[in-house]
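# Fold and contact review
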Amino acid sequence: MSYKLEISEQIMTFTIDRPEIRNAINEDVMVGLEELAQKAQESEIRYVVITASGSQAFCSGGDLSVFHELKTEAQAYSMLKRMGDVLYRIKTLPVPVIALVNGAAVGGGCEIATACDYRLIREHVKCGFIQGTLAITSGWGGGTYLFETLQHDRALQMLTEARVYTAAELQQNGWATEVVRTDEDLHNFFKSMNKIQPEVHRAYKAIAIRKWQETNLKDRVDAEIQRCAELWAEDAHHDAVDSFLNKGNK
Ligand SMILES: CC[C@H](C(=O)O)C(=O)SCCNC(=O)CCNC(=O)[C@H](O)C(C)(C)COP(=O)(O)OP(=O)(O)OC[C@H]1O[C@@H](n2cnc3c(N)ncnc32)[C@H](O)[C@@H]1OP(=O)(O)O
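Residues numbered from 1 in each chain as written. Predicted model: local features only at pLDDT ≥ 70, side-chain atom pairs only at ≥ 80, totals over all residues. Heavy atoms only, no water.

### Things to note about the packing of aromatic side chains
Formally: A pair of Phe, Tyr and Trp rings is counted when the ring centres sit within 6.5 Å of each other, with Trp represented by its six-membered ring. The angle between the planes then sorts it: under 30 degrees is stacked, over 60 is edge-to-face, the rest tilted. For the purposes of this entry, the term helix denotes a DSSP run of H or I that reaches at least four residues, the term strand denotes a run of E that reaches at least two, and both are numbered from the N terminus. Buried residues are those whose accessible area, probed at 1.4 Å on protein chains only, stays under 20% of the maximum for their type, while exposed residues exceed 50% and partly exposed ones sit between those limits. Only lysine NZ and arginine CZ atoms are considered, and such an atom sits over a ring when it is within 6 Å of the ring centre and within 35 degrees of the ring normal.
Summed over the entire model, instances satisfying the criterion amount to four aromatic pairs. For the pair Y3 and F14, a centre-to-centre distance of 5.4 Å together with 15° between the ring planes defines the contact as stacked. Residue Y3 is located in strand β1 (residues 3-8), and its partner F14 is located in strand β2 (residues 11-16); the two are separated by eleven residues in the primary sequence. Owing to a relative accessible area of 7%, Y3 belongs among the buried residues under this scheme. With centroids separated by 5.6 Å and ring planes inclined at 15°, the aromatic side chains of Y47 and F190 adopt a geometry described as stacked. Separated by 143 residues along the polypeptide, Y47 in strand β3 (residues 47-52) and F190 in helix α8 (residues 183-194) bring together distant segments of the chain. By the ring-pair criterion, three or more aromatic residues cluster together here, those being Y47, Y118, F189 and F190. Here R163 stacks its cationic end above the ring of Y165, 3.9 Å away from the centre of that ring. The cationic tip of K247 hangs over the ring face of F244; the distance from NZ or CZ to the ring centre is 4.2 Å.

What follows is the structure in structure tokens.
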């Protein structure tokens, strides 16, 4: 299995478990995220944690060894829409969603973390919207969510620089909720969460969800997905992916 989904003490934890390929997202992980979205919606839980195995990567985005076979706009749209829809369901869960960023979060991996309410990042990690280096934009809703999260200029800069940011930079620009240097830092974050009744957390999350519904967040995500699919079909993207996949042959 490419993921683990566990509940303990009313905390639901989803772990991407493909460390050998830097926890890239394939169809199996998408199925897991859909299971997470469904079970978290219908369970009496306090909050959701999304993390990954190992310490090298939280998620390296789409699995290029699989998704490079998607050539046309329609083929790309189908995958992007499926992942965009499940990320929207996760973002609008009625409980807090915490990304425990254990390693690099790049491309779609950065989109997954950005869809979460909180981002706790380890000191060594680097994260970035590197989609631009593949001649595409974010395509799972992460660009839309970033504009909801950061000051406008910081969001636009992070997207268009298409580079990885250090933990210090991510804390400075507001993307990282906290840099967790020790397990005690992590324990203290959850301890402060647990001091407050679950219903209070749910009530405040509902305020955010109402705002997203009133500002047509889903439509804005769908427009992002459509544009990414159009760029995906261009030769510039296919050539960039081929270069990455053939890097070892240079
Ligand atoms: C809309 C989202 C969009 C989509 O695809 O749908 C995207 O996510 S676009 C962005 C796609 N992701 C990338 O371009 C990231 C590629 N990976 C990296 O930049 C690095 O692997 C990094 C920074 C995540 C980790 O670097 P590190 O040096 O620790 O590891 P390696 O690069 O040596 O990778 C180890 C091993 O894993 C393979 N790998 C890594 N990421 C992917 C990936 N996303 N898809 C497929 N395979 C991946 C890499 O090729 C290496 O394989 P090996 O056979 O050992 O050479």
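### Some details on the nonpolar core
The tendency in soluble globular proteins is for nonpolar side chains to be buried as a group. Selection criterion: Residues belong to a common nonpolar core when they are buried Ala, Val, Leu, Ile, Met, Phe, Trp, Tyr or Cys residues joined through side-chain atoms within 4.5 Å. In this analysis, two residues are considered to be in contact whenever any of their non-hydrogen atoms come within 4.5 Å of each other.
V48, I50, I90, V101 and W175 are the most contacted members of the largest nonpolar core, which totals 67 residues. Sort the elements by how many residues they give to this core and helix α3 (residues 73-91) lands first, with eight residues. Here W175 is in contact with V101, C110, A113, T114, R119, I121, C127, F129, L146, L150, M158 and L170, once residues within four sequence places are set aside. Y47, V49, I98 and L186 belong to the second largest nonpolar core, which has eleven residues in total.

### Description of unusual backbone geometry
Of note, the phi angle at E9 is positive, near 50°, even though the residue is not glycine. Here E9 lies in the loop between β1 and β2. Owing to a relative accessible area of 69%, E9 belongs among the exposed residues under this scheme.

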